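# Fold and geometry: a report
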Amino acid sequence: MLSLKYLQENKEEAIKALSIKNFDATQIIDQVIELDEKRKSTQAKLDNTQAEMNSLSKEIGMLFKSGKADEANAAKAKTGELKESISELNTEMTDAISQLNDLLLKIPNIPHPTVPAGKGEEENVIERTEGEMPNLYEGAIPHWELAKKYNIIDFELGNKITGAGFPLYRGKGAIFQRALINFFLDENRKAGYEEVIPPLMVNEASGYGTGQLPDKDGQMYHATEDNLYLIPTAEVPVTNIYRDVILKAEDFPIKNTAYSACFRREAGSYGKDVRGLNRLHQFDKVEIVQLQHPDKSYEALDTMVAHVESIIKKLELPYRLLRLCGGDTSFTAALTFDFEVFSAAQDKWLEVSSVSNFESYQANRLKLRFKEKNEKKTQLAHTLNGSALALPRMVAALLENNQCAEGIRIPKALIPYTGFDMID
RNA sequence: GGAGAGAUGGCAGAGUGGUCGAAUGCGGUAGUCUUGAAAACUAUUGUGCGGCAACGUACCGGGGGUUCGAAUCCCUCUCUCUCCGCCA
């Protein structure tokens, strides 16, 4: 969430910026400011009353000690009224704070000045398009047919075992999957990211920390008996490593990478977009996460984009880089770049990576702070993350683009990982 | 699943109703000494909120209660550990 201080000091700027995300903040910011005024004045009253109570209690203690029971009892009589007003003020306080918090959670992150206006994905800005479009041979087919033809991904078996959206990879398909994961992790590690293997289930506090809760409640699988959530992305457990942590400025940058299976209910999606590997309930993804000093987070974002780009290039896929417009930028992000690869047989661009700077929006919820050397005051850190990369659509594009009469060619960079150069 | 023990500052660990935001040790930071380092010594060292500041206030796993006063007593929830059972 945004910090109160920012909203108070930059109200007009915030309203203007949020309109890029098609969010009208005029009323809500006024409400926030008003509520905070109320909170402050209530706290001042409460603090004073409590101070009075504390000193009175101390006095009573002293009186009893020195044997002046009469005076002590007289003083006791005075405490009743104080007690009552303390409890009243306390209720007022907690109410104001929780209302304030609820409002703050409803305000999306301020978009970066370079975020273009726009309603939805049609208005994202194409930064660049690179790579060679494949020349498909005549018999080219979409990946779900390739999957069947070479017996590498079995959607029907997944249906049988679990349900739609839980495919079973087998044979060279399974090896190919594992090879990609290892390839991505190695690339990330070479770029300075420390590898972690996080839990695949998280508790409520972690869900709130990265903002999946309360708003995206229905998107996560929930094990109600134990009140745990299956992670929709490794971002959740990895970022929560740093929940309630106070770092030193010299600790930056902190860079982690993690492979995980990801689980998404995808409630409400249907139709031809969900065909094959395009949208699944369980999929594999390798994530990169960075924590950075606020002064350097955009520099870091650039390096993350360049890093993801280098991986896609090594796999020889045609891709384009999009700068998301306000309407397509997520609630919590300040600036997001998407990578899409071209999947030839579907004749379609597929999103394979989303790289975002959240600035201090997540950090504020996470209470992830840092201290400058020789300074007492804490500041909020900046968090960034990106997919490097999400498997299924990469697999779809690789299968479709590299098919030929003999089978499916494996890109050079992957052969050391697969141990074979052709799926046939 | 059964039985028991516990949750205190970065860590270890005292504190069982009143000058306790909390002893002590370790760690961190600054300094003295030293050519430098180590050792030793000295000082300092939690977070949030309000306040220009002085300072005030809250926080000893979470919530509630008793009391003039709670880290300390009571209730409740959560979590952790140990033993037994089961088990990759």
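Refer to the structure printed above.
Figured I'd write up the structure that's included with this text.

So, how was this worked out
- Residues numbered from 1 in each chain as written.
- Chains lettered and ligands numbered in written order.
- Predicted model: local features only at pLDDT ≥ 70, side-chain atom pairs only at ≥ 80, totals over all residues.
- Heavy atoms only, no water.
- Near = heavy atom within 4 Å.
- Polar contact = N/O pair within 3.5 Å; in protein donor to acceptor, adjacent residues only side chain to side chain.
- Helix = DSSP H or I, 4+ residues; strand = E, 2+ residues; numbered from the N terminus.
- Nonpolar A, V, L, I, M, F, W, Y, C, P; charged D, E, K, R; others polar.
- Core = buried A, V, L, I, M, F, W, Y, C linked by side-chain atoms within 4.5 Å.
- Buried < 20%, exposed > 50% of the residue type's maximum accessible area, 1.4 Å probe, protein only.
- Contact = heavy atoms within 4.5 Å.
- Salt bridge = Lys/Arg side-chain N within 4 Å of Asp/Glu carboxyl O.
- Axes fitted to C-alpha atoms, helices over the stretch in contact; angles between N-to-C directions.
- Left-handed = near helix turned anticlockwise from the far one by under 90°.
- Phe/Tyr/Trp six-rings, centres within 6.5 Å; stacked < 30°, edge-to-face > 60°.
- Lys NZ or Arg CZ within 6 Å of the ring centre and 35° of its normal.
- Pairing = 2+ DSSP bridges.

### Notes on the protein's contact with RNA strand B
R39, Q43, S57, K371 and T378 are the nearest of the 18 residues found near RNA strand B. At the protein interface, 76% of the atoms of RNA strand B within 4 Å belong to sugar or phosphate. A distance of 2.3 Å separates a phosphate oxygen of RNA strand B from a polar side-chain atom of K371. For RNA strand B, a phosphate oxygen lies 2.5 Å from a polar atom in the side chain of T378. Taken together, the elements giving at least two residues each to the surface near RNA strand B come down to α3 (26–65), α4 (69–106) and β14 (369–371). The greatest single-element share of the surface near RNA strand B, amounting to 11 residues, is contributed by α3. For the surface near RNA strand B, the class distribution of residues is 4 nonpolar, 7 polar and 7 charged.

### Examining the nonpolar core
With 56 residues, the main nonpolar core has I153, F176, L180, F184, I312, L399 and I423 as its most contacted residues. Dropping the residues within four chain positions of it, L180 is found in contact with L315, L391, V395, L398 and L414. L18, A96, L100 and L103 belong to the second-largest nonpolar core, a separate cluster that totals 22 residues.

### Brief notes about the environment of V32
Looking at the secondary structure, you find V32 in helix α3. Classification of V32 as buried rests on a relative accessible area of 1%. Taking C-alpha positions, V32 is 8.4 Å from L7, a pair spaced 25 residues apart along the chain. Sequence-distant contacts of V32, that is, excluding residues within four places in its chain, are made with L4, L7, L100, L103, L104 and I107.

### Some thoughts on the pattern of salt bridges
Between side chains of opposite charge, a pair can form as their charged atoms come close. Tallied over the entire structure, the rule returns 12 salt bridges. Between K11 and D30 there is a salt bridge; the shortest N-O distance is 2.7 Å. Taken together, the positions of K11 in helix α2 (residues 11–20) and D30 in helix α3 put the pair 19 residues apart, joining distant regions of the chain. For D30, a relative accessible area of 35% gives the class partly exposed. Linking R170 and D154 is a salt bridge whose minimum nitrogen-to-oxygen distance equals 3.9 Å. Of this pair, R170 sits in the loop between β3 (168–169) and α7 (172–190) while D154 sits in strand β2 (residues 153–154); the two residues are 16 residues apart in sequence, bridging distant segments of the chain. Classification of R170 by relative accessible area gives partly exposed; the value is 33%.

### Considerations on the packing of α2 against α3
Where α2 meets α3, the axes come as close as 10 Å, and the angle between the chain directions of the two elements is 145°. Where α2 crosses over α3, the two elements pack in a sense that is right-handed. Judged by residue contacts, K11, A14 and I15 of α2 engage T26, I29, D30 and I33 from α3. Grouping the constituent residues of the contact of α2 with α3 by class yields 4 nonpolar, 1 polar and 2 charged.

### Re the packing of aromatic side chains
Evaluated as defined, the whole model comprises 7 aromatic pairs. Measuring from centroid to centroid gives 5.9 Å for F183 and F184, while their planes differ by 50°, and the two rings are tilted. Residue F183 shares its accessibility class with F184, and that shared class is buried. Through pairs of rings, three or more aromatic residues link up here, namely F183, F184 and Y417. The lysine or arginine in question, K172, covers the ring of F420, its NZ or CZ lying 4.6 Å from the ring centre.

### Considerations on the sheet that holds strand β19 (residues 422–423)
Reading across from one edge, β17-β18-β19 is the order of the 3 strands in this open sheet, with antiparallel pairing throughout. In this open sheet, the two edge strands, each paired with only one partner strand, are β17 (403–404) and β19. Pairing geometry for β17 and strand β18 (residues 407–409), over 2 bridges, is antiparallel. Bridged to Q403 within β18 is I408.

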